Every structure is written in C-alpha cells, then in structure tokens.
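Coordinate inspection notes
In case you want the letters, here they are:
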Amino acid sequence: MRCTPRLTAEARRLDELYMTSYEKSVELDLNLGRHAELVGGLYTLAEEYPSRERVHEYLMVALYNAGRPSEALRVYSSIRNLLSEQSGLAPSHRLRSLQQAILSRSFDVLTIRPQTPMRSIA
C-alpha cells in the first residue's frame with residue numbers, strides 16, 4: 001500500500017484520538033489510586049512518545065504516589081533534557097510545578113487535574 005499525504009494525515013488524527021482517550025483512561029485510574037499498576041505501561045508510553053509531556057506528568061505522579069519520588073524526578077530530568085536538546089524549550093509550567101511539588105512534598109499538588117473535555121470527532 002502506498003502512503004499518501006491523506007493517509008498519513010488520517011493516521012496522525014487516529015493516533016491523536018487514541019492518545020487522548022488513553023490519557024483520559026490513565027487520568028481516571030490515577031484518581032482511583034491505581035498508581036503502582038500504571039507505572040510499567042506509562043514507562044512504555046513515555047518511550048514511545050518521548051516529547052508528550054502529559055504522559056510524563058502522569059508517570060511522575062504515578063511514581064511519586066507509588067513511593068518512588070526519586071524515579072519521578074529522574075523522569076522530569078529526562079524530559080527536560082530531551083525538550084532542551086530537541087527544540088530548545090523548557091518543560092511546561094505544569095511539569096515544572098509538579099517537579100517542585102515532588103521536591104517539597106506538596107501532596108495537594110500531586111493529584112491529576114482533569115484535562116479540558118474531549119471534543120467529539122466528526
């Protein structure tokens with residue numbers, strides 16, 4: 001099968017839809033306290049989507065709440081270095097705030113805030 005621009009665009013759209021849905025699922029699981037159970041899958045997803053900050057945020061929260069704060073800080077360091085090297089950007093305010101919350105053990109910040117509601121795809 002030949003890969004056309006239209007097919008490539010549709011594949012990207014479907015991948016984005018999948019990731020948004022998956023992130024919503026992870027968000028619900030984190031809010032239910034399933035931190036340790038999510039860590040392995042989030043590590044895999046973070047490797048597959050290395051610059052997707054939301055995945056790294058979820059991984060950091062899961063690790064911290066599973067009693068692994070030093071690993072959570074290594075995840076932050078990893079994405080910070082990647083973003084800096086690839087695009088010269090710093091992590092988002094959300095990730096920087098999460099890193100500070102982990103360092104100061106601000107438990108009220110170490111919860112997942114819902115994303116904006118999903119739009120229907122027509």
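A brief structural summary.

Each value, and the rule that gives it
Residues take numbers from 1 onward in each chain, read along the sequence in its written order. Where totals are concerned, whole chains, interfaces and linings use all residues; where local detail is concerned, this predicted model gives features only for residues with pLDDT of at least 70, and gives and counts side-chain atom pairs only at 80 or more. Only heavy atoms go into the side-chain values, all of them from the structure, while hydrogens and water stay out. Whenever Lys or Arg places a side-chain nitrogen within 4 Å of a carboxyl oxygen from Asp or Glu, that contact is recorded as a salt bridge. Helix and strand definitions follow DSSP, with helices as H or I runs of at least four residues and strands as E runs of at least two, each counted in order from the N terminus. For each residue, the accessible area found with a 1.4 Å probe, counting protein chains only, is set against the maximum for its type, and the residue is called buried under 20%, exposed over 50%, and partly exposed in between. In this text, buried Ala, Val, Leu, Ile, Met, Phe, Trp, Tyr and Cys residues form a nonpolar core when linked through side-chain atoms within 4.5 Å. Residue contacts are counted whenever heavy atoms from the two residues lie within 4.5 Å of one another.

1. Observations concerning the pattern of salt bridges
- Scanning the model with the defined rule gives eight salt bridges in all.
- Here Arg52 and Glu23 are joined by a salt bridge, their closest N and O atoms 2.6 Å apart. Highlighted residues: Arg52 in the loop between α2 (35-48) and α3 (53-65) and Glu23 in helix α1 (residues 5-31), separated in sequence by 29 residues. Across this residue pair, the class does not change: Arg52 and Glu23 are buried.
- Each of Glu27, Arg54, Glu57 and Arg94 takes part in a single network of salt bridges with overlapping partners.

2. Some details on the nonpolar core
- Counting residues in each nonpolar core, the largest one holds 25 residues, and the members touching the most others are Leu42, Leu59 and Met60.
- Counting only elements with at least two residues in this core, the list comes to α1, α2, α3, α4 (69-87) and α5 (93-104).
- Sorting elements by how many residues they give to this core places α3 first, with eight residues.
- Those residues within four positions of Leu42 in sequence are excluded, and the remaining contacts are Val26, Val55, Tyr58, Leu59 and Ala62.

3. Some thoughts on the environment of Ala66
- Position of Ala66 among the secondary structure elements: in the loop between α3 and α4.
- What makes Ala66 partly exposed here is its relative accessible area of 29%.
- Ignoring anything within four residues of it in the chain, the contact list for Ala66 reads His35 and Ala36.

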